[in-house]
Amino acid sequence: MEHKIQLAVVGAGHAGIEAALAAARMGIDTVLFTLSFDAVANMPCNPSVGGTAKGHLVFEIDALGGEMGRAADAVTLQSRTLNTGKGAAVQSKRIQADRRRYQEIMKHTLETTPHLHPLQAEVTRLLTEETEDGKRRVTGVVTSIGEVWKCDAAVICTGTFLDSRIFVGHTSYPAGPDGLIPASALSESLREAGLTLRRFKTGTPPRILRSSVDFSELEEQRGEEKITPYSSFYTDAEKLNSIDQISCHILYTNAETHRIIRENIEKSAMYSGLISGVGPRYCPSIEDKIVRFADKERHQLFLEPLGANTEELYLQGFSTSLPPDVQDAMLRTLPGMKKAVITRYAYAIEYDCVDPTELRHTLEHKKVSGLFGAGQFNGTSGYEEAAGQGLIAGINAALKLKGEEPLILKRSDGYIGTLIDDLVIKGTNEPYRMMTARSEYRLLLRQDNADARLTPLGRRAGLIGDERWAAHEAKMKAVEDEKNRLEKTFAQSSALPGFLEKQGMPAGAGFTLADLLRRPQLDYDSIAPLDPERPGLPAGVVETAVCDIKYEGYIKRQLAEVRRQERLESYRLPEDIDYSAVGGLRLEAVQKLSALRPMTLGQASRISGVSPADISVLLIRLGLK
């Protein structure tokens, strides 16, 4: 049987959902394939959304018109803002999510979205044909039951299912996360189309029955008092703040835990040679931690709920591929776990993914026109990284089908832009994880101003409706009005001397409210006695206005660096340029530029092995100066 559709999205994890929803909402008839319709939006690893830099990604997804933040708000069990003792640039929101409720909400959203056809079926083959220029283009996909879906574009979002294999001790078998069936046949078809595949690995910890844990031996970790929604437009902040948050708990490994792991290390799939895939550097297994950090006496773990209506708990930081008997033994050495009952044993999983340097910044493959990739298929780790890529891939697939200009996020636009640029230009030899340290513009890319940076781009793509756009413009005006007011309003002179003395500050006069806010020890609340006529404003407006004022000098410096880099980005490199014919380029630069084919001089400047001297040569030889 043959069908005709505009776009096929393969995989309904966090990347595939955002890709399919974005394209469908842009008016593109889309089919979304999933191995199990009951497992869409699954959280096979940590049941949380956000975290360091990952929270930034969720705010950016929402600002562009994506779905993750809205759904995460609706299933929040606990909310915390990380790094509150540091500056605004590195503060990140993280919520503990109700895993099953998140799936239910996303499944229903897929079912009720016009132009979208969710379908339970395994895609086993990608159909392509050769074009006049000798390249290939997508023409369709084939399912395991022989259905042919003709299409003009496809987004591959296979997560950790692509030819995946589970490992527990010396036992291994083909399977996807949570024991679901793997996508075993598609890899060969992708190789035939010209894609370079590689093997990565990740894993999960055991799940534990709540009633078997002695919480009196654990340190309680409560949620924050004031919850800021991921999606300020869709989420009722007052209702969100009225929820009864569920506590998480902190515990630590000890010498006995480490002894058991060391004595059984050869039983680990990681250390027995069974696993060939490369694991995540920033989320290692517990046995990997013991080996790599042998001098550490203990490692911190977090015990977290999987949902409001389940007794299963997730032991973050304790992922392993050791056999069941060793898992039981090492678990019972932990505080509060002497009688712990495991409901699901930990496992490692190996899977295929693509070399991301073969992708363009649109996330379209360079060798196959109309073929886009997103999520762990592109070599990343994490739900948030996947969702951000899926959103951009879906938008660009839709724009390509419409014959419109693509949406390319710059590094200075957001963490999503930084993520994609890192993958495409630098590549990755391990599952890539977003961190605030990866961005040179992190003071510009705060959580609070994600809408200011990206909502206009979401509007351009067609994902921001009139009502939301009007609300956005009203908020931006309110931010500017408050900044102007703070800059022009002088602190109430009668209260100023006593206030300064109380703060341990030298006496003075003629301070504007903005002057006071620039002092490290003062914030908006603390200067309230000097500002009796301040207007009642939403928290989001105040936060952005205050950050813009407090960090004004640093922001100006970063904006100057952005302008300098934009000059290089404005120089487009010819797609058919023969770098070996450009005299003066070093051999390494010729090889790297020829392989990666950067679109702009700015992209070329970020390629490892391309020196500033090589950039100068390109400027001169190509007449770009």
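See the structure shown above.
The structure reproduced in this document is the subject of the present report.

So, how was this worked out
Residues numbered from 1 in each chain as written. Predicted model: local features only at pLDDT ≥ 70, side-chain atom pairs only at ≥ 80, totals over all residues. Heavy atoms only, no water. Helix = DSSP H or I, 4+ residues; strand = E, 2+ residues; numbered from the N terminus. Rg over C-alpha atoms; globule rule 2.2 N^0.38 Å. Buried < 20%, exposed > 50% of the residue type's maximum accessible area, 1.4 Å probe, protein only. Contact = heavy atoms within 4.5 Å. Expected span 1.5 Å × (residues − 1). Salt bridge = Lys/Arg side-chain N within 4 Å of Asp/Glu carboxyl O. Phe/Tyr/Trp six-rings, centres within 6.5 Å; stacked < 30°, edge-to-face > 60°. Pairing = 2+ DSSP bridges. Arc of directions from axis to C-beta. Polar contact = N/O pair within 3.5 Å; in protein donor to acceptor, adjacent residues only side chain to side chain.

Attention shifts here to the overall build of the chain. Helices and strands together make up the secondary structure of the chain, namely 20 helices and 23 strands. A compact globule built from 625 residues would reach a C-alpha radius of gyration of about 25 Å, and the chain, at 26 Å, matches this within 12%. The dimensions of the chain, computed from C-alpha atoms along their principal axes, are 80 × 70 × 50 Å. Out of the 625 residues belonging to the chain, those deemed buried represent 57%. Here the analysis covers contacts within the chain between residues at least 6 apart in sequence; of these, 72% occur between residues at least 24 apart.

On to the environment of Leu-127, then. Position of Leu-127 among the secondary structure elements: in strand 8 (residues 123–130). Linking Leu-127 and Tyr-282, residues 155 residues apart in sequence, is a C-alpha distance of 37 Å. Ignoring sequence-local partners within four residues, the contact set of Leu-127 consists of Arg-137, Val-138, Thr-139, Gly-140, Val-141, Val-142, Val-148 and Lys-150.

Residues three or four positions apart in an α-helix share a direction because the helix packs 3.6 residues into each turn. Between its first and last C-alpha, helix 1 (residues 14–25) extends 17 Å over 12 residues, near the 16 Å set by a 1.5 Å rise per residue. For helix 1, the buried fraction is high: 11 of the 12 residues fall into the buried class. Of the positions making up helix 1, those classed as buried are His-14, Ala-15, Gly-16, Ile-17, Glu-18, Ala-19, Ala-20, Leu-21, Ala-22, Ala-23 and Ala-24. Gly-27 lies just past helix 1 and shows a positive phi near 90°.

Scanning the entire structure with this criterion turns up 51 salt bridges. For Asp-152, the salt bridge goes to Lys-4, with nearest N and O atoms at 3.6 Å. Here Lys-4 lies in strand 1 (residues 2–4) and Asp-152 lies in the loop between strand 10 (148–150) and strand 11 (153–156), a separation of 148 residues in the sequence. Judged by relative accessible area, which is 56%, Lys-4 ranks as exposed.

The subject of this paragraph is the packing of aromatic side chains. Counted under the stated rule, the structure contains 3 aromatic pairs. Their ring planes at 85° and their centres at 5.8 Å tell us that Phe-33 and Trp-149 sit as a pair that is edge-to-face. One end of the pair, Phe-33, is in strand 3 (residues 30–34); the other, Trp-149, is in strand 10, with 116 residues separating them in the sequence. For Phe-33, a relative accessible area of 1% corresponds to the buried category.

Among the 6 residues of strand 6 (residues 92–97), 6 are classified as buried, and the element is accordingly described as predominantly covered. Side chains Ser-92, Arg-94 and Gln-96 of strand 6 all project onto a buried face; the interleaved residues Lys-93, Ile-95 and Ala-97 project onto the opposite face, where all are buried too. Inspection of the sheet shows strand 4 (residues 48–50) paired to strand 6 by 3 bridges, in the antiparallel sense. Residue pairing in the sheet places Ser-48 in a bridge with Gln-96 of strand 6. Pairing of strand 5 (residues 76–82) with strand 6, which is carried by 6 bridges, proceeds in the antiparallel orientation. Within strand 6, the position partnered with Thr-76 by the bridge is Ala-97.

The next thing to look at is helix 17 (residues 552–569). The end-to-end C-alpha separation of helix 17 is 25 Å, in line with the 26 Å expected for 18 residues at 1.5 Å each. Those residues of helix 17 that fall on the buried side of the exposure criterion are Ile-555, Gln-558, Val-562, Gln-565, Leu-568 and Glu-569. What you see down the axis of helix 17 is that its buried residues fit within an arc of 120°, all on one side. Counted as exposed and oriented over 90 degrees from the buried face of helix 17: Lys-556, Arg-557 and Arg-563. Tucked inside the fold, the buried residues of helix 17 contact helix 16 (539–550), helix 19 (601–605) and helix 20 (612–621).

As a further point, take the side chain of Arg-485. Topologically, Arg-485 is positioned in helix 13 (residues 466–488). Judged by relative accessible area, Arg-485 falls into the buried class, the value being 19%. Only 2.9 Å separates the side chain of Arg-485 from the side chain of Glu-482, close enough to count as a polar contact. Excluding anything up to four places from it in sequence, Arg-485 contacts Leu-513, Tyr-524, Asp-531, Arg-534 and Pro-535.

In short, the description is geometric, and any link to function would need to be established separately.
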